[in-house]
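# Topology and contacts: notes
Spelled out, the chains give:
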Amino acid sequence: MDLGDPGLYLDIDRYAFWDEQIADGRVVWSDPGSSPNGFWSVFSYDAVRQVLAPNGPFSSEYGMMIGFDTTRPDRSGGQMLVVTDGTHHERLRKLAGTLLSRRTATALTDFVEQEVRDLLVKSRETAETDVTVDLGPHIPASVVCEIMGVPPADRDHLLTLTNHAFGGSDDSFSKMTPAEAHTEILLYFDSLIETRKRRPGDDLVSVFLADPELSDTDVLMNCDNVLIGGNETTRHAVTATFNALSSTPGALDALRADPALNPLMVEEIIRWSSPAMHVLRVATDDVVINDQPIRRNEPVVAWLPAANRDYREFADPHVFRPDRRPNKHLALGHGPHHCLGAALARMELSALLRVLADEVRSVEVTDGPIWQRSVLVQGYRRLAVGFEWQ
Ligand code: HEM
């Protein structure tokens, strides 16, 4: 089986398949297909942690997605944060971390809560809302625009482009292909870089530009990293929230009764939805995982949603438990590349839950979910819900 084939996950029950691999502690080889030379797959919590751990014999520089390896390395390797190792990675991480911080998250909380309230106003006018279109993509896109310093006059344009690039394959996003929209976004950031060179601001583009060691291409690539990292994953966690609330009647009541549940629920949403479906590493030395020898230069894929439902680590792993504790999931990664936007992602979900607890009595899924065809991200293409308002 080619585990890199996105169609596979529409045909099988992915979680039942991963459960089988975890029970046997399997490390599975996929022959060349979706990846030029094939790759190993690991599924269990411990094996995924081993691959992502600090100082392990693994590199991100050849690429961190299926399709890349030593013979077909990612062109951004060594330049873009997520596909860079060592001291240059630390340098880029420190730079981007100045704005992708807990402080920024706190400062943006009111802004995000207002965004969510404005989006829900539209839902009040209809019986059914497809949250993959009308809610999921908007919240993270607004946050990324704020961080990047996109001027208010350009925001609608960029939001439209972002929805086309990352908004799934819904018919309402039919003006251009995702690839065309992504190119338009890069062109937009190219011109924003020129503007910020003349007039620096307190945004991430200006932070990157202030580093004399980064070329314009480096700045553009790292803006793109934040753009994709911030949009592509978080929107699926936002939409999964509605499925979780629908399948767990009483969760919103519990949250109203005890607001201290909010951070636990945020963590459970991230674990249960696990929007980053895999990350890839290339072995830099011979290594053994679960008795399986892996040779130097061989790619290894860590399936994060599988690890986050490993029964050895999580009781009732498939159940959404609003008060799950401990909850040491790996959905935001582990080790040196642990998600730099984690505080922002948590803040977005926390604000969403606060507003929902305030305005919504209950949520019911009316159609879907339909999985998106992807091995990169795990999320829905369609999830229609009805609201009972407070
Ligand atoms: C890295 C997941 C939200 C920016 C990562 C990684 C994962 C991840 C698994 C590690 C990749 C690897 O090990 O190769 C998620 C999930 C999110 C989320 C599930 C939402 C629920 C965000 C947000 C931002 C962001 C909101 C920024 C606005 C980044 C960046 C990196 C990263 C810049 C690279 C860090 C590094 O390489 O040092 N994310 N992410 N992410 N994420 Fe996130």
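Described in the following lines is the structure provided in the data block. (Residues numbered from 1 in each chain as written. Predicted model: local features only at pLDDT ≥ 70, side-chain atom pairs only at ≥ 80, totals over all residues. Heavy atoms only, no water.)

## Quick word on the sheet that holds strand 9 (residues 360-371)
What the three strands build is an open sheet, ordered 4-10-9; its pairing is antiparallel. A single partner strand is all that each edge strand has here, and the edge strands are strand 4 (129-130) and strand 9. In this structure, strand 9 lies alongside strand 10 (residues 380-389), joined through eight bridges in antiparallel fashion. Paired with Asp-367 across the two strands is Ala-384, which belongs to strand 10. (Pairing = 2+ DSSP bridges. Helix = DSSP H or I, 4+ residues; strand = E, 2+ residues; numbered from the N terminus.)

## Topic: the sheet that holds strand 8 (residues 299-303)
Judged by pairing direction, the sheet is mixed, and its five strands sit side by side in the order 1-2-8-5-3 without closing on themselves. Bordering the open sheet on either side are strand 1 (27-30) and strand 3 (58-59), each of which pairs with just one other strand. The sheet contact formed by strand 1 and strand 2 (residues 39-42) spans four bridges and is antiparallel. Bridging from a neighbouring strand, Trp-29 pairs with Trp-40 of strand 2.

## Some words on the coordination of the iron atom of the ligand
One donor from the polypeptide reaches the iron atom of the ligand: Cys-339 (SG), at 2.3 Å. Locating Cys-339 in the fold gives a position in the loop between helix 15 (304-307) and helix 16 (342-359). (Donors = N, O, S within 2.8 Å, 3.2 Å for Na, K, Ca; no water.)

## So, the pairing of strand 10
Sheet topology places strand 4 next to strand 10; two bridges connect them, and they run antiparallel. What sits directly across from Asp-130, in strand 10, is Ala-384.

## Some thoughts on the site of the ligand
As a structural note, the neighbourhood of the ligand is formed by 27 residues, with His-89, Arg-93, Arg-281, His-337 and Cys-339 the closest of them. Between a nitrogen atom of the ligand and a main-chain N or O atom of Gly-229, the distance comes to 3.2 Å. When contributions to the shell around the ligand are tallied by element, the ones reaching two or more residues are helix 4 (86-97), helix 11 (216-232), helix 12 (234-247), strand 5 (278-283) and helix 16. Tallying contributions element by element places helix 11 first for the shell around the ligand, with four residues. Residue composition of the shell around the ligand, by class: 16 nonpolar, nine polar and two charged. (Near = heavy atom within 4 Å. Polar contact = N/O pair within 3.5 Å; in protein donor to acceptor, adjacent residues only side chain to side chain. Nonpolar A, V, L, I, M, F, W, Y, C, P; charged D, E, K, R; others polar.)

## Focus: the packing of helix 5 (residues 102-124) against helix 16
Relative placement of two packed helices is described by the angle separating their axes and the distance separating the axes. Running from amino to carboxyl end, helix 5 crosses helix 16 at an angle of 40°, the nearest separation of the two axes being 8 Å. Of the possible angle classes, the one that applies to helix 5 and helix 16 is oblique. Seen along the crossing, helix 5 lies across helix 16 with a hand that is right-handed. Along its contact with helix 5, which presents Arg-102, Thr-104, Ala-105, Leu-108, Thr-109, Val-112, Glu-113, Val-116, Arg-117, Leu-120 and Arg-124, the element helix 16 presents Ala-343, Leu-344, Met-347, Glu-348, Ala-351, Leu-352, Arg-354, Val-355, Leu-356, Asp-358 and Glu-359. Partitioning the contact of helix 5 with helix 16 into residue classes produces 12 nonpolar, two polar and eight charged. (Axes fitted to C-alpha atoms, helices over the stretch in contact; angles between N-to-C directions. Parallel < 35°, antiparallel > 145°, perpendicular 65-115°, else oblique. Left-handed = near helix turned anticlockwise from the far one by under 90°. Contact = heavy atoms within 4.5 Å.)

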